[in-house]
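# Fold and geometry: a report
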2 protein chains.
Amino acid sequence: VDTSARTAAAARNGQLTKPPGALGRLEDLAIWLAGWQGREKPKADAPQVVIFAGNHGVAARGVSAFPPEVTAQMVANFRHGGAAINQLSKAFGAAMTVHALDLDHPTADFTQSPAMTEAELTKALTTGWNAVDPQADLLVTGEMGIGNTTSAAAIVAALLGGAAEDWVGRGTGVDDHGLARKAAAVHAGLATHAALLSDPLQVLRCLGGHEIAAMAGAIARARAERIAVVLDGFICCAAALVLQRARSGALDHCLAGHVSAEAGHGRLLAALDKQPLLNLGLRLGEGSGAALALGIVQGAVACHSGMATFAEAGVSGA
Amino acid sequence: VDTSARTAAAARNGQLTKPPGALGRLEDLAIWLAGWQGREKPKADAPQVVIFAGNHGVAARGVSAFPPEVTAQMVANFRHGGAAINQLSKAFGAAMTVHALDLDHPTADFTQSPAMTEAELTKALTTGWNAVDPQADLLVTGEMGIGNTTSAAAIVAALLGGAAEDWVGRGTGVDDHGLARKAAAVHAGLATHAALLSDPLQVLRCLGGHEIAAMAGAIARARAERIAVVLDGFICCAAALVLQRARSGALDHCLAGHVSAEAGHGRLLAALDKQPLLNLGLRLGEGSGAALALGIVQGAVACHSGMATFAEAGVSGA
């Protein structure tokens, strides 16, 4: 973080034509962003939305309301501009790219064996790392992958503890039987890989997915580039949690775009010590909640960077 | 409301490429807006932000952290593009207009006599009515007026009951003494005009302000034009409350953009039966919280009106 830019932004904020603190969290957001971007007046007009897609061996265990072929079908939908994330990216001026990670080769069923080999994990992390545009002024990482809330729940349970039941949710809309199958799969995965779960990257390899690893790679790259990341829902935050557990402070450049309706997301955000900007009951993934929050960040930046000071406007102080 | 447009929008929503309900409140928002706009695919690309400014006799009682001349100074700031609401209007593509209501003639001090004459009330309501662009697809009403949180608190206390202390807040940032002076002024106003307070329009006349009445006029006009209104903070909602008490259902075309940090706003929204879209600690007025929420409405409309259906995209259902 550029502390001099942050200090300059805080000083500027105190001179803008509004009562002190009257823009609430927008003020904190703009100052925080100034620090990461290294400029007194941050920008938010060139956000990048990067979507990763992967398939999951565990989907064969009946953990999703949708069949696995939907992953590839939705990738086609992203490419043709028909998904929610396409509309939200356009609405907030974000450049959107889609990366399908070897959809014909799902991860292994993690209840039986590690989801990925070391080579597959490295490849996915690298795909994420390389997907980030260093010129972007904000990053949203989204995902698509039938079965991936089960994988994310397993990662979170491994890293934060608690029962499988604490972290599985309805995902795309499973019924009670589906929810029980999710919990059973998570429970089995934790047992199968128990010996390896003290290492966050092994957790990601054994229980994660190609697209989840790619999100982790992208979030790490954003840190290296000092690009602020708007986190999305449960799956995105599971990827982020791996980084946080691997290195303290690894998510200092991240803010929580929203809290989703997926059961464990609020508790996961609390564990990440992140306060969500939005709480609108979304549970779609694709980066949709984070993309929606881009509008809030853009509003914060517009105010901070565009407003007149008391002196410029000839307005009397309090 | 156009129920056939609303029904068509709900049917369309069920066919879009996402799990049912996965866009949470965005789905309800788009369907609701479809009903008001009378089209299956609502629009949100031509919002209007209209700002009214007025001065308050009660300001002489030390109820604000800022001197009364700030009202006119901020109007100049609006006209020169330097205020928060200018930046937010620009960020979300809203056309912004500013109406200064006779700033050289503040309302009478409502602790002593009615704030406005019948003629003044009518003039302010008419100004608001005429300020609305019938071509707008969404409306935000904002305000500026040193002393107007005291006036709004008096209106709300008169219409919802409770003690003066329940409804006064820090406004632009008064200290404990200022807060006590606000409560005393509200208490005195309620006593002075006790005989007239069963009539919502008399409440507005006796305790309100030019800009508050103008907001009420604009919100009423929007209803006549079937333009959905995004409500702002405590003062805007006090104006809206007058309409609701005058005629049940008068706010059916309104949604709550945000809940502000002003003490009574959350309870006022509950009395209006409105769930806020945002909760970000704003307490600026000017329509700023509502303007920020325009981004959420635009995101909802973009998804609803732009997404592909399962059939169009060739995606398998659940």
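Treat the numbers as computed from the prediction; the structure is a model and nothing was measured. (Residues numbered from 1 in each chain as written. Chains lettered and ligands numbered in written order. Predicted model: local features only at pLDDT ≥ 70, side-chain atom pairs only at ≥ 80, totals over all residues. Heavy atoms only, no water.)

## Observations regarding the sheet that holds strand 2 (residues 95–100) of chain B
Residues and elements named next belong to chain B. As a reminder of what qualifies: Whether two strands pair depends on DSSP finding at least two bridges between them. Secondary structure elements are taken from DSSP: a helix is a run of H or I of four residues or more, a strand is a run of E of two residues or more, and numbering for both begins at the N terminus. Each axis is a line fitted through C-alpha atoms, and for a helix only the stretch in contact is used; angles between axes span 0 to 180 degrees, taken between their N-to-C directions. Any two residues whose heavy atoms approach within 4.5 Å are treated as being in contact.
One open sheet holds the 5 strands; their spatial order is 2-1-3-4-5, and the pairing between them is parallel. Every other strand in the sheet has two partners, leaving strand 2 and strand 5 (254–256) as the edge strands with one partner each. Averaged over all neighbouring strand pairs, the angle between strand axes comes to 25°, with direction disregarded. Contacts from helix 5 (residues 118–131) reach strand 1 (47–53) and strand 2 within the one sheet, and its direction differs from that of strand 1 by about 160°.

## Digging into the relation of the copies chain B and chain A
What counts is decided by this rule: Least-squares superposition aligns the copies on the C-alpha atoms of those residues with pLDDT at or above 70 in both.
Superposition of chain B onto chain A requires a rotation of 180° combined with a translation of 0.0 Å along the rotation axis, giving an RMSD of 0.0 Å. Viewed as a symmetry operation, the transformation between the two copies matches a two-fold axis. The rotation axis passes nearest to the C-alpha of Gly295(B) in chain B, at a distance of 2.8 Å. Comparing interface residues between copies, 100% of those in chain B also lie at the interface in chain A; the contact surface is shared.

## Re the UniProt feature "active site" (unreviewed entry) in chain A
Residue and element names in this part refer to chain A. The condition that has to hold: UniProt positions are given in the numbering used here, feature names are shortened, and annotations may be inferred rather than shown by experiment. Relative accessibility under 20% of the residue-type maximum defines a buried residue, over 50% an exposed one, and the middle range a partly exposed one, all with a 1.4 Å probe and only protein chains included.
When the UniProt feature table is mapped to this numbering, "active site" (unreviewed entry) covers Glu286. Mapped onto the elements, Glu286 comes out in the loop between helix 12 (265–272) and helix 13 (288–306). Residue Glu286 is classed as buried on the basis of its relative accessible area of 2%. Apart from the residues lying within four places of it in its own chain, the contact partners of Glu286 are Ile51, Met74, Phe78, Ala83, Ala84, Ile85, Gly142, Glu143 and Asp232.

## Some thoughts on the interface of chain B and chain A
Definition in use: Buried area: the accessible area, evaluated with a 1.4 Å probe, that two parts lose upon being put together, summed over both parts. Salt bridge, as used here, is a side-chain nitrogen of Lys or Arg placed within 4 Å of a carboxyl oxygen of Asp or Glu. Here a polar contact means two N or O atoms within 3.5 Å. Within protein one must be a hydrogen donor candidate and the other an acceptor candidate, and residues neighboring in sequence count only if both atoms are side-chain atoms. Note on residue categories: nonpolar means Ala, Val, Leu, Ile, Met, Phe, Trp, Tyr, Cys or Pro, charged means Asp, Glu, Lys or Arg, and polar means any other residue, Gly included.
At the interface, 49 residues of chain B touch 49 residues of chain A. At the boundary of chain B with chain A, total buried surface from both sides reaches about 3900 Å², with 69% on carbon and sulfur atoms. Summed over the shared surface of chain B and chain A, the number is 0 salt bridges. Taken together, the connections running from chain B to chain A amount to 15 residue pairs in polar contact (both at pLDDT 80 or more). Secondary structure elements with two or more residues in the side of chain B that touches chain A: helix 2 (25–37), helix 3 (69–79), helix 4 (84–91), helix 13 (288–306) and helix 14 (310–313) of chain B. Ranked by residue count, the leading element in the side of chain B that touches chain A is helix 13 of chain B, at 7 residues. Looking at side-chain class alone, the side of chain B that touches chain A contains 30 nonpolar, 15 polar and 4 charged residues.

## With respect to the packing of aromatic side chains
Put simply, the test is: A pair of aromatic rings is counted whenever rings of Phe, Tyr or Trp (Trp by its six-membered ring) have centres within 6.5 Å, and the orientation is called stacked for planes under 30 degrees apart, edge-to-face for over 60 and tilted otherwise. By definition here, charges over rings are those cases where NZ of Lys or CZ of Arg is within 6 Å of the ring centre and within 35 degrees of the ring normal.
Evaluation of the coordinates by the stated rule reveals 2 aromatic pairs over all chains. On the numbers, 6.5 Å between centres and 15° between planes, the contact of Phe66(A) with Phe310(B) is stacked. Separated into two different chains, Phe66(A) in the loop between strand 1 (47–53) and helix 3 (69–80) and Phe310(B) in helix 14 make up a pair that spans both. The exposure class of Phe66(A) is buried, given its relative accessible area of 8%. In this structure, Arg267(A) is placed above the aromatic ring of Trp167(A), and the distance from its NZ or CZ to the ring centre is 4.8 Å.

## Regarding the side chain of Arg12(A)
Residues and elements named next belong to chain A. The criterion, for reference: A residue counts as positive if it is Lys or Arg and as negative if it is Asp or Glu; His and the chain ends are not included.
By secondary structure assignment, the location of Arg12 is in helix 1 (residues 3–15). For the buried Arg12, no salt bridge exists, and the shortest N-O distance to an oppositely charged side chain is 4.7 Å, to Glu40. Within the structure, the side chain of Arg12 is placed 3.5 Å from the backbone oxygen of Ser305, a separation counted as a polar contact. In terms of polar contacts, Arg12 uses its side chain to reach the backbone carbonyl oxygen of Met307, at 3.0 Å.

## Observations concerning helix 5 (residues 118–131) of chain A
Residue and element names in this part refer to chain A. Short version of the rule: Expected span of a helix, by definition, is 1.5 Å for each gap between consecutive residues, and there is one gap fewer than residues. In this description, the arc belongs to the directions extending from the helix axis to the C-beta atoms.
Between the first and last C-alpha of helix 5 there are 20 Å, a value that for 14 residues agrees with the 20 Å anticipated at 1.5 Å per step. If you check which residues of helix 5 are buried, you get Leu121, Ala124, Gly128 and Ala131. Looking down the long axis of helix 5, one finds its buried residues gathered within 100° of arc, a one-sided arrangement. Those residues of helix 5 that are exposed and angled more than 90 degrees off the buried face are Ala119, Lys123 and Asn130. Buried residues along helix 5 sit against strand 1, strand 2 (95–100), helix 9 (200–207) and helix 10 (210–225).

## Points about the pattern of salt bridges
Once the charged atoms of two side chains with opposite charge are near each other, the side chains can pair. All names here are of chain B. Scanning all chains against the criterion turns up 10 salt bridges over all chains. A salt bridge links Lys18 to Glu27; the nearest nitrogen and oxygen atoms lie 3.0 Å apart. Of the two residues examined, Lys18 and Glu27, each falls in the buried class. For Glu118, the salt bridge is made with Arg205, and the minimal N-O distance between the two is 3.4 Å. Residue Glu118 is located in helix 5, and its partner Arg205 is located in helix 9 (residues 200–207); the two are separated by 87 residues in the primary sequence. On the basis of relative accessible area, Glu118 is assigned to the partly exposed category, the value being 44%. The exposure class of Arg205 is buried, given its relative accessible area of 11%.

## Considering the sheet that holds strand 3 (residues 138–144) of chain A
Residue and element names in this part refer to chain A. One open sheet holds the 5 strands; their spatial order is 2-1-3-4-5, and the pairing between them is parallel. The sheet is open, and its two edges are formed by strand 2 and strand 5 (254–256), each paired on a single side. The mean inter-strand angle of the sheet, taken between neighbouring strand axes irrespective of direction, is 25°. Across 6 bridges, strand 1 lies against strand 2 in parallel orientation. By the bridge assignment, Ile51 is partnered in strand 2 with Val98. This element, helix 5, spans strand 1 and strand 2 of the sheet and lies at about 160° to strand 1.

## Examining the packing of helix 1 (residues 3–15) of chain B against helix 13 of chain B
Residue and element names in this part refer to chain B. Heads up, the condition is: For classification purposes, angles smaller than 35 degrees are called roughly parallel, those larger than 145 roughly antiparallel, those between 65 and 115 roughly perpendicular, and all remaining angles oblique.
One can describe the packing of helix 1 onto helix 13 by two numbers: an axis separation of 9 Å at closest approach and a directional angle of 75°. When the interaxial angle is binned, helix 1 and helix 13 end up roughly perpendicular. When helix 1 is examined against helix 13, the residues Ala9, Arg12 and Asn13 are found in contact with a partner set consisting of His304, Ser305 and Gly306. A per-class count over the contact of helix 1 with helix 13 returns 1 nonpolar, 4 polar and 1 charged.

## So, unusual backbone geometry
Even without being a glycine, Asp102(A) presents a positive backbone phi close to 50°. Along the polypeptide, Asp102(A) turns up in the loop between strand 2 and helix 5. The phi torsion at Asp273(B) lies on the positive side, around 60°, for a residue other than glycine. On the secondary structure map, Asp273(B) appears in the loop between helix 12 (265–272) and helix 13.

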